[in-house]
Amino acid sequence: MNKQHLHTVARVTAGSIAEELEIEAGDTLMEINGTKIEDIFDYQYLTQDEYIEVLIRKPSGEEWLLEIDKEYDEDLGITFENGLMDEYRSCHNKCIFCFIDQMPKGMRDTLYFKDDDSRLSFLQGNYVTLTNMSDDDVDRIIRYHLSPINVSFQTTNPELRCKMLNNRFAGQALEKAWRLAAAGIVMNGQIVLCKGVNDGAELERSIEDLSHYLPNLESVSVVPVGLSKYREGLFPLEPFTKEDAKQVLSTVHKWQDRVFSEYGLHFIHASDEWYILAGEKLPEEERYDGYLQLENGVGMLRLLMNEFQEALDAFGHTEGVIIPPRELSIATGKLACRFIKEMAEQVTALFPQITVHVYAIRNDFFGEMITVSGLLTGQDLSAQLMGQRLGEKLLLPQNVLKSGEPVFLDDMTLAELEKALQVRIDIVKSSGQDLLDAILL
Ligand code: SF4
């Protein structure tokens, strides 16, 4: 076993089985039921039982064989130093639409890491192309019945997929998806749409082919390619127009209506950007089948607005709360700005003593075509909010920060931005209730 495969415990959840058995950070997991653990696939499978035997080595070298009775799928409560319990697999593709290739130089190294690891699909919901998934992985997913797996399809035309991914094995990699679907593995899919490449008739073909894998393939999102200003030397890709967006939506809606009557799922979903670009109303909640693809920006705005409305209605019925006069500001990407403004206006209509300034931040760092708040940088926020009326506090959505850390994508810290703008900044979590609370309380 090399060092990469030493499964060292990083943390133990309070109140968990692991804590009860005095497993601690620094311990090493050696075996479960006499079997060595290759990676997280093995771990998840082997821990799903009502009785397991876990061999732990303490830092002193002492070994403990623990006999554990538990609920079938009860987690042991162990977080390992390496979440995958193995090396991270980088991707073998050179996709014509890859956003990592469109990033400026000089950003932190981890942002340039191209992962395409199916284990991360199960752990974090990453979308994978299946091009570097081994047959052994496919077998283990089927044997262990791991679900769901998220697949980046782009197209079901094998030759076109090879071209789009710049990988001659990308076409045949689709066979792995069909094997997984046939074996009952639940999947979600994604199509990154590139104008003149996989749209139009190719998109129709992809949706039709993918619809054969319903209901195991339970959703497929169509998202427009993100184009930064750093595309020199890369495959020429054009932005979509309003007319293109209308065409995409008409295709998506046609297929939604076609499959819904048979499967009770809308299956194919257009991300929020398409509705905004086309100038069309966002679909009602029922169309999103329980929001299966929020991480791809599918239904994010509809969910936020509905949650906000519900929170506001509930607040309207609360008695005895006095809302003092206040002035505050919200900054967001251009994409969501109109919707955030509408929500702020709902609040100020009810509570005229509150003033909310909503600012749409142009993405100068990556280029104006990038409009999502998740790719805003500290320097753009600083430059465009400097001298603006910000009131007693500035609200920012949590996705502007590196996950779990008060640092922006360009490494500016939250404290540096607060200092530059001379304002308190509150980070708002993702729900409508969080946004309302941040404005009112
Ligand atoms: S799979 Fe394609 S888009 Fe994803 S990281 Fe690799 S090259 Fe980039």
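A. A look at the domain arrangement of the protein chain. You can read the domains of the protein chain as domain 1 (3–80), domain 2 (100–295) and domain 3 (304–440). Domain 1 and domain 2 are separated by 35 Å when their C-alpha centres are compared. Between domain 1 and domain 2, the contact holds seven residues from the first and eleven residues from the second. Its largest share of buried area at the contact with domain 2, domain 1 owes to I40, F41 and Y45, together 64% of the area lost on that side. Taken together, domain 1 and domain 2 are joined by four salt bridges. Between R140 and D42 there is a salt bridge, with the nearest N and O atoms lying 2.9 Å from each other. Inspection of the domain 1/domain 2 interface yields four residue pairs in polar contact (both at pLDDT 80 or more). Among the residues making up the side of domain 1 that touches domain 2, the classes are represented as three nonpolar, one polar and three charged.

B. Molecular detail of the sheet that holds strand β15 (residues 424–428). Strand order in this open sheet of four strands is β13-β12-β14-β15, and the pairing throughout is parallel. The sheet is open, and its two borders are formed by β13 (354–361) and β15, each paired with just one other strand. Neighbouring strand axes in the sheet, compared pairwise and without regard to direction, differ in orientation by 25° on average. Pairing between strand β12 (residues 326–333) and strand β14 (residues 393–397): two bridges, direction parallel. Opposite I330, over in β14, you have L395 as the bridge partner. With respect to the sheet, helix α13 (residues 414–421) is in contact with β14 and β15, its orientation differing from that of β15 by roughly 135°. Helix α14 (residues 432–440) contacts β12, β13, β14 and β15 of the sheet and is inclined by roughly 145° relative to β12.

C. Here's a closer look at the pattern of salt bridges. Going through the model one piece at a time under the given rule, you end up with 31 salt bridges. Between D244 and K195 there is a salt bridge; the shortest N-O distance is 2.7 Å. With D244 in helix α8 (residues 242–263) and K195 in the loop between β9 (187–193) and α7 (201–211), the pair connects residues that are 49 residues apart, well separated along the chain. Taking the shortest distance from any N to any O, the salt bridge between R302 and E284 comes out at 3.7 Å. Separated by 18 residues along the polypeptide, R302 in helix α10 (residues 300–316) and E284 in the loop between α9 (272–278) and α10 bring together distant segments of the chain. Overall, the relative accessible area of 9% leaves R302 in the buried class. One continuous salt-bridge network, built from bridges that share partners, spans E38, D39, D42, D86, R89, D117, R119, D136, D137 and R140.

The rules behind these values
- Residues numbered from 1 in each chain as written.
- Predicted model: local features only at pLDDT ≥ 70, side-chain atom pairs only at ≥ 80, totals over all residues.
- Heavy atoms only, no water.
- Domains from an automatic or database assignment.
- Contact = heavy atoms within 4.5 Å.
- Buried area = accessible area lost by both parts, 1.4 Å probe.
- Salt bridge = Lys/Arg side-chain N within 4 Å of Asp/Glu carboxyl O.
- Polar contact = N/O pair within 3.5 Å; in protein donor to acceptor, adjacent residues only side chain to side chain.
- Nonpolar A, V, L, I, M, F, W, Y, C, P; charged D, E, K, R; others polar.
- Pairing = 2+ DSSP bridges.
- Helix = DSSP H or I, 4+ residues; strand = E, 2+ residues; numbered from the N terminus.
- Axes fitted to C-alpha atoms, helices over the stretch in contact; angles between N-to-C directions.
- Buried < 20%, exposed > 50% of the residue type's maximum accessible area, 1.4 Å probe, protein only.

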